[in-house]
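Analysis of the macromolecular model
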Amino acid sequence: MTAIDFDFTVLERFLRYVTIDTQSDPASGTCPSTEKQKNLGALLAQELRELGLADAHLDDHGYVYATIPTTTAKPNVPVVCFCAHMDTSPDCSGAGVKPQVWKDYQGGDIVLPGDSSQVIRRADHPALADQIGHDIVTSDGTTLLGADNKAGVAEIMDAARFLLAHPEIQHGTLKILFTPDEEIGRGVDKVDLNKLGADFAYTMDGESAGHIEDETFSADSAVITIEGVSAHPGFAKGKIEHAIKIAAAIIERLPKTGCSPETTEGREGFLHPVGISGTLEKATVGFIVRDFTEAGLQDKETLLQSIVEEVMLEYPRSRARIEIQPQYRNMKQVLDRHPELVENAREAIRRAGLTPVTAAIRGGTDGARLSFMGLPCPNVFAGEHAFHSRLEWVSRQDMEAAVRTIVHLAMIFEQQA
């Protein structure tokens, strides 16, 4: 295979995109959940049109679509989509991001200049050991960085620029999709797959360079609604059954080890309270439930039900109900029927100069839901680390490796046709 002489604009793009606040809002009922996500979407659509993609556009729901035309005469090359999400996590501010570039990293801790209490410690971030000589990008410590997932956005944009500048590279029709609201679980709620017109897809939303992920958690949400018994506190003896205290008792009875994010790893699932609110008379507790198997998911929901029932025995005049809502399922159920998708990604990673590592995600991606909507979609590394925090970081060289991977993936599908 002839070596490709790559040039890159991915860092410049990334530094531009992260300064645009795109934080999503789980309390909003609109799509996108925040109008400001469209600011980045409009910029991306404009840049794609300037690259020559006439169909690039931002729709009313905040999605960006574009098509890179085929450069091959082969008629049966699959249409492949590359996807990334534009929003950043509600867990940490994404407003006023001031990216910092630490050139030629030589090891040690990185003290962020905007808040010296924010330190990316080598001991806490073992992946830094692989970054010697790299240019590391961080925030200034007062906000998150936005590498999740603007690194993926910048990589897809730079790969599009490179392919359009080199029509001699043979590939089939490629689709670009940028989504809103992934961080709040709604990233593909309004996607138009007929308009997209892809056969397969890859999200560029993974962590360490070289990783390809074909498995996610299966995920549900659970909301417990508690109706207590109210009375005037001055005359409450034997009368009040306090809804907030009932909620606290339920949380207190959760397993202390082996069923929470802070005590699990690998393929272990968890039952995780994410919010509690209420008054004396009524309270709600929100949970996320995660496991790699359907049976494990059911076991945790049964456990939660049993805890609620046991607690409510102590409050005979109060009521509690649990509502379970499916969120997404382990995409491996779909991807195992398309093993070529992972193998092609592994080969592209090798051609990009890295060692491929196939892994499972302790989380979810847009690809998990897309896979079950009929668009099989593994997750490829974007180089992002320490998601959802002020310690988030990414390296320029890892982003460039992701650009090479996208280009090689496009070529591999054409070569196999």
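Parameters at a glance
Residues numbered from 1 in each chain as written. Predicted model: local features only at pLDDT ≥ 70, side-chain atom pairs only at ≥ 80, totals over all residues. Heavy atoms only, no water. Helix = DSSP H or I, 4+ residues; strand = E, 2+ residues; numbered from the N terminus. Pairing = 2+ DSSP bridges. Axes fitted to C-alpha atoms, helices over the stretch in contact; angles between N-to-C directions. Domains from an automatic or database assignment. Contact = heavy atoms within 4.5 Å. Buried area = accessible area lost by both parts, 1.4 Å probe. Salt bridge = Lys/Arg side-chain N within 4 Å of Asp/Glu carboxyl O. Polar contact = N/O pair within 3.5 Å; in protein donor to acceptor, adjacent residues only side chain to side chain. Nonpolar A, V, L, I, M, F, W, Y, C, P; charged D, E, K, R; others polar. Parallel < 35°, antiparallel > 145°, perpendicular 65-115°, else oblique. Left-handed = near helix turned anticlockwise from the far one by under 90°.

- Where an unreviewed UniProt entry is consulted, the protein chain appears under the name Peptidase T, with the organism given as Rhodopseudomonas pentothenatexigens.

Describing unusual backbone geometry
- The residue after C31, namely P32, is reached through a cis peptide bond having omega 5°.
- Here P32 is to be found in the loop between α1 (10-17) and α2 (37-51).
- Located in the positive-phi region is A386, a residue other than glycine, with phi close to 55°.

Some thoughts on the sheet that holds strand β4 (residues 100-102)
- If you trace the 3 strands from one edge of the open sheet to the other, you get β4-β7-β17, paired in antiparallel fashion. Because the sheet does not close on itself, it has two edges, and the strands there are β4 and β17 (393-395). When strand polarity is set aside, the average angle formed by the axes of neighbouring strands in this sheet is 25°.
- Across 3 bridges, the pairing between strand β7 (residues 136-138) and β17 is antiparallel. Across the sheet, the residue bridging to I136 is S395, located in β17.

Considerations on the domain arrangement of the protein chain
- Per the domain assignment, the segments making up the protein chain are domain 1 (9-216 + 330-416) and domain 2 (218-328).
- Once you take the C-alpha centre of each, domain 1 and domain 2 turn out to be 35 Å apart.
- Every contact between the two is made by 11 residues of domain 1 and, on the other side, 11 residues of domain 2.
- Summed over both sides, the interface of domain 1 with domain 2 buries roughly 790 Å², with 46% coming from carbon and sulfur.
- At the junction of domain 1 and domain 2, the tally comes to 1 salt bridge.
- Between E215 and R267 there is a salt bridge; the shortest N-O distance is 2.8 Å.
- Applying the counting criterion to the domain 1 and domain 2 interface returns 9 residue pairs in polar contact (both at pLDDT 80 or more).
- Listed by contribution, the elements that provide at least two residues to the side of domain 1 that touches domain 2 are β10 (211-216), β15 (357-361) and α9 (366-372).
- Residues that form the side of domain 1 that touches domain 2 fall into these classes: 3 nonpolar, 5 polar and 3 charged.

Digging into the packing of α1 against helix α3 (residues 147-165)
- Running from N to C, α1 and α3 point in directions that differ by 135°, and their axes come no closer than 9 Å. Our classification of the angle between α1 and α3 gives oblique. Relative to α3, α1 is oriented so that their crossing is right-handed. Here α1 contributes V10, R13, F14 and Y17 to the contact with α3, which in turn contributes A147, K150, A151, V153, A154, E155, M157, D158 and R161.
- Within the contact of α1 with α3, the residues separate by chemical class into 8 nonpolar, no polar and 5 charged.

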